[in-house]
Amino acid sequence: MYAKVIVDISNDAVDRVFDYIALPDTKVGMRVKVPFAGRVVLGYVVALTETSEVDNSKLKPIIKNLESVPKLKPEILEVCRFLCGRFFLRLSDAIKLVLPACVRLDRASEQYSSFVRLILDIDTAINLIGKRAKSQLSVVAFLSEQGEADYTRLCEMFSRSSVNSLIEKGIIERTYTRRMRSPEKINAKIERNVLTKMQQNAVGTIENQDKTFLLKGVTGSGKTEVYMTIIENALNQGKTAIMLVPEISLTPQMMSRFNSRFPNLVAVLHSGLSEGERYDEWDRIFTGQARVVLGARSAIFAPVENLGVIVIDEEHDSSYVSETNPRYFTHDVAEFRARFNHCPLILGSATPSIDSFKKAKDGIYTLVELPERINNIAMPKIEIVDMLGELMEGNTSPYSKRLIAKLDECIANKKQAILFINRRGFASFVLCRECGYRAKCDDCEVSLVYHKEDNELKCHFCGKRYRALTNCPNCHSTNIKYGALGTERVCEDLRKMFNVPIFRMDNDTTRVKNGHKHILEQFAETTPSILVGTQMIAKGHDYPNVAFVGILDADVSLYNSDYKSNERTFQLVTQVSGRAGRKNGDGSVVLQTYAPKHYVYRFAKNYDYNGFYEKEINLRATTKFPPFSTILRILVSSTSDTRAKEVTKILYDRAQELKERYGNDILFLQAMPAPVKRIQTKYRYQILTRYTPCDKITNDFFSISDIIEKDVSIFVEINPNNLR
Ligand code: ADP
Ligand code: ZN
Ligand code: ZN
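What counts and what doesn't
Residues numbered from 1 in each chain as written. Chains lettered and ligands numbered in written order. Predicted model: local features only at pLDDT ≥ 70, side-chain atom pairs only at ≥ 80, totals over all residues. Heavy atoms only, no water. Axes fitted to C-alpha atoms, helices over the stretch in contact; angles between N-to-C directions. Helix = DSSP H or I, 4+ residues; strand = E, 2+ residues; numbered from the N terminus. Parallel < 35°, antiparallel > 145°, perpendicular 65-115°, else oblique. Contact = heavy atoms within 4.5 Å. Nonpolar A, V, L, I, M, F, W, Y, C, P; charged D, E, K, R; others polar. Near = heavy atom within 4 Å. Polar contact = N/O pair within 3.5 Å; in protein donor to acceptor, adjacent residues only side chain to side chain. Areas by Shrake-Rupley, 256 points an atom, 1.4 Å probe, with all protein chains shown as cover. Donors = N, O, S within 2.8 Å, 3.2 Å for Na, K, Ca; no water. Phe/Tyr/Trp six-rings, centres within 6.5 Å; stacked < 30°, edge-to-face > 60°. Lys NZ or Arg CZ within 6 Å of the ring centre and 35° of its normal. Tetrahedral: all angles 85-135°; square planar, octahedral: opposite > 155°, others 65-115°. Pairing = 2+ DSSP bridges. Buried < 20%, exposed > 50% of the residue type's maximum accessible area, 1.4 Å probe, protein only. Patch = residues over 30% accessible without salt bridge, like charges linked within 9 Å, V, L, I, M, F, W, Y side chains within 5 Å. Salt bridge = Lys/Arg side-chain N within 4 Å of Asp/Glu carboxyl O.

1. Let's talk about the packing of helix α13 (residues 354–361) against helix α21 (residues 609–623)
- Relative to each other, α13 and α21 sit at 95°, their axes nearing to 11 Å. Regarding the angle of α13 to α21, the classification is roughly perpendicular. Seen from α13, the contacting residues are I354, F357, K358 and K361; seen from α21, they are Y609, N610, F612, Y613, E614, E616, I617 and R620.
- When grouped by side-chain class, the residues that make up the contact of α13 with α21 number six nonpolar, one polar and five charged.

Following this line, the structure appears as C-alpha cells:
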C-alpha cells in the first residue's frame, strides 16, 4: 500500500502530496512521521492507494504512525478539501485550521490520576506482610476501611516505598483513570420553558430538514429556546449538534443554559481555554462523549459525527469571518457540513445581515420568524436625542439631560442601567493645542489612547505602552487636549453623579481569565447599578432588572466609512437596546447622536428591520455594492516599505491583466496605501477591487495573489468587515 501524505512544514511553497510506503496499520486521516528532505517531519495521510506513479525504488516508508485512530475523520478531511476549493487554501493550511495546535503538535497530552485498592481480604494481606512491616500494615488497614485511595495522597500519608512494595507483592493494585481538564462549568439549574405556539411552529418547520433557515426573531423572542429544543430532539435521535455564538466567553449565561439542559454532553471551544482544556474538550468531542459543541467560529471544525443540526447564533456578527490567514467564511463551512449530514443549518438573528436576508427573500434560505417577545413583552422605547440641540442649549457635556434624567429614574426605581460606548480607555487621542502635535505609536500609524487608570498612553493596535504626557514633547506647552471619551472616562464621570456601584466591561477589564464572567456576575447581583461597556455588552445577555440602556455615541460606527457601516450601526443599536426590559417590558433607551434624522436611527427606533432592509438594499443596488457586487482586497504588508510597494506593484500589474480580460465586469480597481499605513512596524498597501459577483473572477484574484515573496505577507479578503 502507498500513502499520499501532506507534509507539515512552514515553507508555504510545498503543498503537494508525496507518496510513501504505508505501514501495515496506516490509515487515511492519520498523523505520521515521514522522512522529507533529510529531516523527519510531521505529515498527514490523505489517501491510500494500491499503486504509485513514482518509481518504487525512490519511495521511502513512513517512519511511524502517530496514532491508532486517525485524528482527521473522513468528514473533516472532506471539509479540508472544501476549504481548498472554496477559499483557495493549501491543504496543509486547511488541516492546521481543523486540527487545533494542541492536538496536531501534541502540545498537550492526556492526564491521568491513579488510585490504589486492596485486592486480597485483610487477613490474608496481614499474613503475607508479616508483623514487622508496620507502615505496610497501616496502608492495608487504611485501604480496607476506605476501599480506594489516590496513589499520590497515599504515598504522602504513609511512604512511597511501602505503597510500592505492596503493589509489587500483588497485595494492592494501582489503576489509572483519565482526568479531564474541563473549563469551568456553570451548573445553575435552569427551568425548562414550555414552548409557545410560535416557537413550536418554528421547531416543526426546521427540524430534520436538509435546508438552511434564517430564524429572524426580535431580541428576547425565544430563539435560544428554539435552538435548544431542536438540539435536544437531534440528540434523542442519536445525533449531535454544533452551536456557534460570536464570543462564547462573553456569554456565560449561554453556557449555563446549555449545561443545565444537556448535562455532561456539552463541550465548549473558544479562545479563552488553556491548551490542556482545549485538548480535553476536543477529545471529548472526538471520542463522542460530548455531543453538543458550543463555541466560537472555529468550533465549526469540531470532529462531531452524525450532525443533526448546526446553529449560527447572531449570524450577522462580524466574528464569523476570519480576519487573518487562512481565510474562511463560517457560514459556507457550516452549509457544507449541514448538506454533508443532510441536516438543518439555522442562522439566527434579530438583525440578519443584508446578505442573508436577501438570500431568504430570494428563496435560497427559508425564512422563519418570531416577531414578538415572549409573553408579548413590549420592546423598549427608543428616544433619539439630538446632541447638537443639547449644545445649542448650553450643555457641553457628553451626557444629554434626557440621559441623566432616565438614569436618575432607573436608579430611583432600584433597577439597573447599561451604558454603551464603543471606545475603551479614557480619551481617544492626545493633542497639543499649541503646535498640533499628536501622540502616535512608534510602530503603527495610529493615535495613542489615554488610559487614566494606568496613567499611560496605549496603542490599541499593537498594545505598546507609553508614558502619559504632562506637556508636549515638541513645544513643551502644557495645553493638552484630550479626545473623545471612552469607557474609563464615562465611569469616572458617573461615579461623580451617581451613588451606585458602576461596573466596566471592556478589553481592559476582561483580560484576566473568566474576567467577563466575574463582572457580569457582580452586575447581576447588584441592584441598582450601572454597567458601562463596549460592544461586548451588546451580545446575548439576559438580565431581567435592566430597565434602561443609554447609547452614548452611536455615530462612531455610523461614520466608519465602509459600505457596511449603516448595516452595522442598525444591528448595534438594535442589539444594545434589546438588553432593556426583557422581563417586564419596562425598558427604555436613549440614543445620543448628531445625526438624529439618519434613516438608520429612524428605522432602528421603530424596530423596523424590513423598512431598513428595503432602504439599504435599494442603496446597494444603485451604487453596486455587495450583495450586488463583490469587494475584494489584497493586503500586502512588510517591515520594508520598499518591498511592500514592489510586491503591490507586481500584484497590481497582474490585476490589471484581469481587468482587461473581464472588462466592465470589474467595476473598480485601484492600488493605494491601506487606511492604516503601518501596524506593528509593518507597512501596508492594498489593492481594492469591486466586480459583478462571479466565482471565476474571485478565483482568478486568489490565484494571482498566490505567490510567495520573501519578507512580505499577502492576505486576500472578500467583502471585508473592517477596512483598516
Ligand atoms: P432570544 O434568544 O431570542 O433573545 P431567549 O431564548 O433568550 O430569546 O428568551 C428570552 C427570555 O424568555 C429568556 O429569559 C427565556 O428563558 C424566556 N423564554 C423563552 N422561551 C420561553 C417560553 N416558551 N416561555 C417562557 N419563557 C420563555
Ligand atoms: Zn506642542
Ligand atoms: Zn502600535
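2. A few points about the site of ligand 1
- Taken together, 16 residues sit near ligand 1, with V194, Q199, T224, R257 and D542 positioned nearest.
- At 3.3 Å, a side-chain N or O of N193 approaches an oxygen atom of ligand 1.
- Within the side chain of D542, a nitrogen or oxygen atom sits 2.7 Å from an oxygen atom of ligand 1.
- Expressed as a share of its isolated accessible area of 550 Å², the protein-covered part of ligand 1 is 78%.
- Looking at the shell around ligand 1, the element that brings in the most residues is helix α9 (residues 223–236), giving three residues.

3. Quick notes on the coordination of the zinc ion (ligand 2)
- The protein atoms that coordinate the zinc ion (ligand 2) are C432 (SG), C435 (SG), C472 (SG) and C475 (SG), at distances spanning 2.2 to 2.4 Å.
- Positions of the donor residues of the zinc ion (ligand 2) along the chain correspond to the pattern C-x2-C-x36-C-x2-C. In this pair, C435 is assigned in the loop between β18 (430–432) and β19 (449–451) and C475 in the loop between β21 (465–467) and β22 (480–482), connecting sequence segments 40 residues apart.

4. A short note on the environment of E75
- Examined against the element boundaries, E75 turns out to sit in helix α1 (residues 74–87).
- With 635 residues separating them in the primary sequence, E75 and K710 have C-alpha atoms 35 Å apart.
- Excluding its chain neighbours within four sequence positions, the residues that come into contact with E75 are V304, L307, R337, F340 and N341.
- At 2.9 Å, the side chain of E75 forms a polar contact with the side chain of R337.

5. Describing the packing of aromatic side chains
- Scanning all chains against the criterion turns up 23 aromatic pairs.
- Ring geometry for Y691 versus F701: centroids 5.7 Å apart, planes at 15°, classification stacked. Residue Y691 is found in strand β29 (residues 682–691), and its partner F701 is found in helix α23 (residues 695–705); the two are separated by ten residues along the sequence.
- Ring pairing ties together the aromatic residues F357, F570, Y599, F603, Y609, F612 and Y613, which thus form one cluster.
- Residue placement shows R602 over the ring face of F603; its charged tip is 5.4 Å from the ring centre.
- One cation-aromatic arrangement involves R690 over F625; the distance from NZ or CZ to the ring centre is 4.2 Å.

6. A closer look at the coordination of the zinc ion (ligand 3)
- For the zinc ion (ligand 3), every protein donor is listed as C441 (SG), C444 (SG), C459 (SG) and C462 (SG), and the spread of their distances is 2.2 to 2.4 Å.
- Note that the zinc ion (ligand 3) binds four donor atoms; their angles at the metal cover 107 to 112°, and the shape is tetrahedral.
- All donor residues of the zinc ion (ligand 3) come from one chain, and their arrangement in sequence is C-x2-C-x14-C-x2-C. Of this pair, C441 sits in the loop between β18 and β19 while C462 sits in the loop between β20 (456–458) and β21, and the two are 21 residues apart along the sequence.

7. Some words on the sheet that holds strand β27 (residues 630–638)
- Taken together, four strands build an open sheet; the order of strands is β28-β29-β27-β30 and the sheet is antiparallel. Of all strands in the sheet, those bounded by a partner on one side alone are β28 (666–679) and β30 (713–718). The mean inter-strand angle of the sheet, taken between neighbouring strand axes irrespective of direction, is 20°.
- Where β27 lies against β30, six bridges are found, and the strand directions are antiparallel. Note that in β30 the partner of V636 across the bridge is I714.
- Sheet strands touched by helix α22 (residues 641–662): β27, β28, β29 and β30. Its angle to β28, the strand with the most contacts, is close to 165°.
- Contacts from α23 reach β27, β28, β29 and β30, with the element oriented near 170° to β30.

8. Observations regarding the sheet that holds strand β6 (residues 111–118)
- The sheet built from three strands is open, its strands ordered β7-β6-β8 with antiparallel pairing. Looking along the sheet, the strands with just one partner apiece sit at the ends: β7 (148–150) and β8 (172–179). Geometrically, the sheet is characterised by an average inter-axis angle of 30° between neighbouring strands, direction not taken into account.
- Bridge count for β6 against β7 is three bridges, and the pairing is antiparallel. Note that in β7 the partner of R117 across the bridge is E148.
- Helix α5 (residues 134–146) rests against β6, β7 and β8 of the sheet, and its axis sits at about 100° to β6.

9. Remarks on the packing of helix α19 (residues 565–577) against α21
- Look at α19 against α21: their axes get within 11 Å of each other, and the N-to-C directions meet at 170°. Taken together, the axes of α19 and α21 lie roughly antiparallel to each other. Side by side, α19 and α21 meet where N566, E567 and F570 of the first sit next to Y609, F612, E616, L619 and R620 of the second.
- Grouping the amino acids of the contact of α19 with α21 by side-chain chemistry returns four nonpolar, one polar and three charged.

10. Quick word on the pairing of strand β1 (residues 2–7)
- Where burial is concerned, most of β1 is hidden: five out of the six residues are buried.
- Pairing of β1 with strand β2 (residues 17–21), which is carried by five bridges, proceeds in the antiparallel orientation. In the sheet register, K4 faces β2, and the bridge partner there is D19.

11. A look at a nonpolar patch on the surface
- On the surface, L388, L391, M392 and Y594 cluster together into a nonpolar patch covering about 460 Å² of accessible area.
- Checked against the element boundaries, L388 lands in helix α14 (residues 387–392).
- Overall, the relative accessible area of 43% leaves L388 in the partly exposed class.

12. Things to note about the pattern of salt bridges
- Within the structure shown, the criterion is met by 53 salt bridges.
- As a salt-bridge pair, E567 and R620 come within 2.8 Å of each other at their nearest N and O atoms. With E567 in helix α19 and R620 in helix α21, this residue pair connects regions lying 53 residues apart in the sequence. We note that E567, like R620, is buried.
- We note a salt bridge from E717 to R633, for which the minimum N-O separation is 3.1 Å. A residue pair is termed long-range when its members are at least 10 positions apart, and E717 in strand β30 and R633 in strand β27 qualify at 84 residues.
- Classification of R633 by relative accessible area gives buried; the value is 2%.

13. Points about the side chain of H316
- Examined against the element boundaries, H316 turns out to sit in the loop between β13 (307–313) and α12 (330–341).
- Only 3.4 Å separates the side chain of H316 from the backbone oxygen of T351, close enough to count as a polar contact.
- Setting aside chain neighbours within four positions, we find H316 in contact with S349, T351, P352, S353, Q571 and Q575.

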